[in-house]
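Residue-level listing of the chains:
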Amino acid sequence: VSKGTMPSISNAREGAMTAEEMAQCVLDIASWLAEHAGGAGKDFANRPPPSPSDLSSLADALAPTPLPPSLAEVLRLHDGGILLFEFVGLSTGEIAQAVAEGRKDEKWTAGMVPIARNGDGELLVVDEEGVRSWSEADGKGAVEAASLPAYLESY
């Protein structure tokens, strides 16, 4: 059978990820990173979750924007450090700091929650439209995924 004649097989998700599926997705990424991404992958896989006070401080820093449930699920397992292509996931403290800095910028949009940063300082953010990049120079980038679970699932 040639590639062109292979039947299309799909196990496409119907509906949103459950909390259990989201946790499993993060654990799958952590396992893969620990095995294939060297020291950074092992660092993420072994990173502890944030404390309840860290999560409370983050919620205060984000107000009035709520902490997206999918991000809360990622943070429940690991306080930052997840490798997302060229981005590295932010910890609760780093998210709070990025929000405080972002709110000073005229290109910042209310409701954005930063989740990761790359080596150039560009952020990966979640907002009401999905996951996108944001930079001081350009502001919002194009939507890369409809949601954080969709972004992680594509990873």
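Residues numbered from 1 in each chain as written. Predicted model: local features only at pLDDT ≥ 70, side-chain atom pairs only at ≥ 80, totals over all residues. Heavy atoms only, no water.

**Looking at the overall build of the protein**
When helices and strands are tallied, the protein shows six helices and six strands. Start at the N end of the protein and walk to the C end: the helices and strands fall as α-α-α-α-β-β-α-β-β-β-β-α. Since a compact globule built from 155 residues should have a radius of gyration of about 15 Å, the 17 Å found for the protein is in line with a globular shape. In terms of its C-alpha atoms, the protein occupies a principal-axis envelope of roughly 60 × 35 × 30 Å. Going through the 155 residues of the protein one by one, you find that 41% of them count as buried. For the protein, contacts bridging at least 24 residues in sequence account for 54% of all contacts bridging at least 6. Here the protein displays about 8700 Å² of accessible surface, and carbon together with sulfur accounts for 53% of that area. Within the protein, the 24 negative side-chain charges are centred at a point lying 1 Å from the centre of the 11 positive side-chain charges. (Helix = DSSP H or I, 4+ residues; strand = E, 2+ residues; numbered from the N terminus. Rg over C-alpha atoms; globule rule 2.2 N^0.38 Å. Buried < 20%, exposed > 50% of the residue type's maximum accessible area, 1.4 Å probe, protein only. Contact = heavy atoms within 4.5 Å. Areas by Shrake-Rupley, 256 points an atom, 1.4 Å probe, with all protein chains shown as cover. Lys, Arg positive; Asp, Glu negative; His and termini not counted. Charge placed at Lys NZ, Arg CZ, Asp CG, Glu CD.)

**Thoughts on the sheet that holds strand β6 (residues 139–145)**
For sheets, the rule is that strands pair by backbone hydrogen bonds, running either parallel or antiparallel. The antiparallel open sheet is built from six strands, whose spatial order is β1-β2-β3-β4-β5-β6. The sheet is open, and its two edges are formed by β1 (83–84) and β6, each paired on a single side. Sheet topology places strand β3 (residues 113–118) next to strand β4 (residues 123–127); four bridges connect them, and they run antiparallel. By the bridge assignment for β4, P114 is matched with V125. (Pairing = 2+ DSSP bridges.)

**Brief notes about the pattern of salt bridges**
Under the counting rule described, the total for this entry stands at four salt bridges. A salt bridge links K140 to D127, with the shortest nitrogen-to-oxygen separation between them at 3.6 Å. Residue K140 is located in strand β6, and its partner D127 is located in strand β4; the two are separated by 13 residues in the primary sequence. A relative accessible area of 31% means that K140 is categorised as partly exposed. A single salt-bridge network, built from bridges that share partners, covers D127, E129, R132 and K140. (Salt bridge = Lys/Arg side-chain N within 4 Å of Asp/Glu carboxyl O.)

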